[in-house]
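The residues making up each chain are set out below.
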Amino acid sequence: MNWANLMSTINGNSSSQLCRWHSFANTAELEKSAVTEILRAAHEAIQKRGSFHIVLAGGTTPRRVYELLKTANTNWAAWHIYFGDERCLPIDHAERNSLMATQAWLNSIDIPTSQIHPIPAEEGPLIAAEKYAALLSQVATFDLVLLGLGEDGHTASLFPQHDVGNQANSPATLAVFDAPKPPPQRVSLSAKRLSDAHQVIFLVTGNSKKEAVKNWRAEGKIPASTVTPKQGVDIYIESQLLD
Ligand code: 6PG
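## Things to note about the pairing of strand S10 (residues 233–238)
Taking burial as the measure, the six residues of S10 include six buried ones, the bulk of the element. Burial along S10 is two-sided: the face carrying Val 233, Ile 235 and Ile 237 and the face carrying Asp 234, Tyr 236 and Glu 238 are both buried. Judged from the six bridges that link them, strand S2 (residues 19–24) and S10 form a sheet pairing that is parallel. Bridging from a neighbouring strand, His 22 pairs with Tyr 236 of S10. Pairing of strand S9 (residues 200–204) with S10, which is carried by five bridges, proceeds in the parallel orientation.

Take a look at the structure:
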């Protein structure tokens, strides 16, 4: 890590979300630091609790982080993989978040397949949301949640002007039928369930996210700001998005 580039600030905002902004001079530095932190979190969880339950981000940003994890020295048998959201597409569709993670990482490590939990989104939003909620009812607080940020401030498949599931009685999963980011039909973990985590890291790269970051740091009223784990969130971001 190039410490000169790492500016970590604590920045509260109007919502109840405590944000720690970690800025990096370039994407490669951000990705390397993210891998280091993921492996540190895994080591700590495995030491303390004997296992590591991680929720993967979808989209394209995390791909290189997943590729770098392929060669990590860790006890894969203790890892349990979940997904923050999934597009309702055939299981082998190129746009599936589960396919991206599998091709970039999961099919190259010896993690028991019974410990990889894709969202069965090929079955449609309602059935898949119900099935995944049933699975998650057996899963304690996540050790780590990875999330991306969309240009409109969405995260996972929690979109502006949609129910983000951040109420006390919100379900663990949400069926989405009219997502503004194609495909329209998706399944997402709710903000409430994403917040039930020991640690949450957002990975934010790409100039297209600049406006969403500005809104986030100003009023904190974007879907990403409804993820409010007790310990706050860590946002790994390219420095030019903070100018
Ligand atoms: C999805 C993702 C979504 C993604 C953001 C950022 O299924 O589309 O879960 O929330 O993380 O849209 O996408 P990029 O990483 O491709 O910019």
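And the narrative resumes.
## Side note on the sheet that holds strand S5 (residues 85–87)
Taken together, three strands build an open sheet; the order of strands is S5-S8-S7 and the sheet is antiparallel. Looking at the sheet topology across the chains shown, the edges are occupied by S5 and strand S7 (173–176). Across the sheet, the axes of successive neighbouring strands diverge by a mean angle of 15°, strand direction being ignored. With three bridges joining them, S5 and strand S8 (residues 186–189) adopt antiparallel strand pairing. Residue pairing for S8: Arg 87 is matched across the bridge by Arg 186. Along the sheet face, helix H4 (residues 125–136) touches S7 and S8 and points at about 170° away from the line of S7.

## Details of the nonpolar core
Membership of the largest hydrophobic core comes to 74 residues, with the highest contact counts inside it found for Phe 52, Leu 56, Tyr 66, Trp 79, Ile 81, Trp 105 and Phe 202. Broken down by element, the residue count for this core peaks at eight residues, all from helix H1 (residues 27–49).

## Let's talk about the confidence of the model for the chain
With 94% of its residues at a pLDDT of at least 70, the chain reaches an overall mean of 94. Under a pLDDT of 50 for its full length, residues 1–9 has, in the predicted model, 19 contacts with residues more than four places off or in other chains.

Rules used throughout
- Residues numbered from 1 in each chain as written.
- Predicted model: local features only at pLDDT ≥ 70, side-chain atom pairs only at ≥ 80, totals over all residues.
- Heavy atoms only, no water.
- Buried < 20%, exposed > 50% of the residue type's maximum accessible area, 1.4 Å probe, protein only.
- Helix = DSSP H or I, 4+ residues; strand = E, 2+ residues; numbered from the N terminus.
- Pairing = 2+ DSSP bridges.
- Axes fitted to C-alpha atoms, helices over the stretch in contact; angles between N-to-C directions.
- Contact = heavy atoms within 4.5 Å.
- Core = buried A, V, L, I, M, F, W, Y, C linked by side-chain atoms within 4.5 Å.
- pLDDT = per-residue confidence, 0-100.

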